[in-house]
Amino acid sequence: MTAPDLLPCPFCGGENVTTAFDHEQGDKWGYAGCDGCAARGPEVRTGYEREHDAPWHSEAIAAWNTRAPLDEALAEVARLLDGVQRIRNEIKVAMRECLDRWDQPDDPPPHQFGG
Ligand SMILES: [Zn+2]
């Protein structure tokens, strides 16, 4: 059964994500998974409740819908871009100073030392 509250697959982008119930040797679990690429969300242990209103169903949906937080990644990107901008400005100032010196023929080039 396709649940409308399931997010698309984070791997293939597929929207055909369904929940399922499985069991083996007395263990029973439910999960949400992608029918397109077979990616599966975390398994939620359960008893004998196969019904979609059983607790495992909403837990499996919540587990599937959990994504890594983007806020921290976006803050890191912003910090890196600030650093790039600061370095760019420093290079610009240094190049401008270099060109200004070039325009003054009486001034010795910066690589000459002593007399
Ligand atoms: Zn997928």
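Structure: see above.
Residues numbered from 1 in each chain as written. Predicted model: local features only at pLDDT ≥ 70, side-chain atom pairs only at ≥ 80, totals over all residues.

1. Digging into the sheet that holds strand E1 (residues 17-24)
Okay, so step 1: Ordered in space as E1-E2-E3, the three strands form an open sheet in which the pairing is antiparallel. One side of each edge strand has no neighbouring strand; the edge strands of this open sheet are E1 and strand E3 (44-45).
Okay, so step 2: As defined by bridge partners, strand E2 (residues 27-34) adjoins E3 across two bridges and the pair is classed as antiparallel. What sits directly across from Trp29, in E3, is Arg45.
Okay, so step 3: Helix H1 (residues 55-65) rests against E1, E2 and E3 of the sheet, and its axis sits at about 40° to E2. (Pairing = 2+ DSSP bridges. Helix = DSSP H or I, 4+ residues; strand = E, 2+ residues; numbered from the N terminus. Contact = placed C-beta atoms within 7 Å. Axes fitted to C-alpha atoms, helices over the stretch in contact; angles between N-to-C directions.)

2. Regarding unusual backbone geometry
Most peptide bonds adopt trans geometry, and most residues besides glycine take a negative phi value.
Okay, so step 1: Although it is not a glycine, Gln25 adopts a positive phi angle of roughly 45°.
Okay, so step 2: With respect to the helices and strands, the residue Gln25 is situated in the loop between E1 and E2.
Okay, so step 3: You can call Gln25 exposed: it has 4 C-beta atoms within 10 Å.
Okay, so step 4: One non-glycine residue with positive phi stands out, namely Ala38, at about 70°.
Okay, so step 5: Structurally, the position occupied by Ala38 is in the loop between E2 and E3. (Buried ≥ 20, exposed ≤ 12 C-beta atoms within 10 Å, placed from the backbone.)

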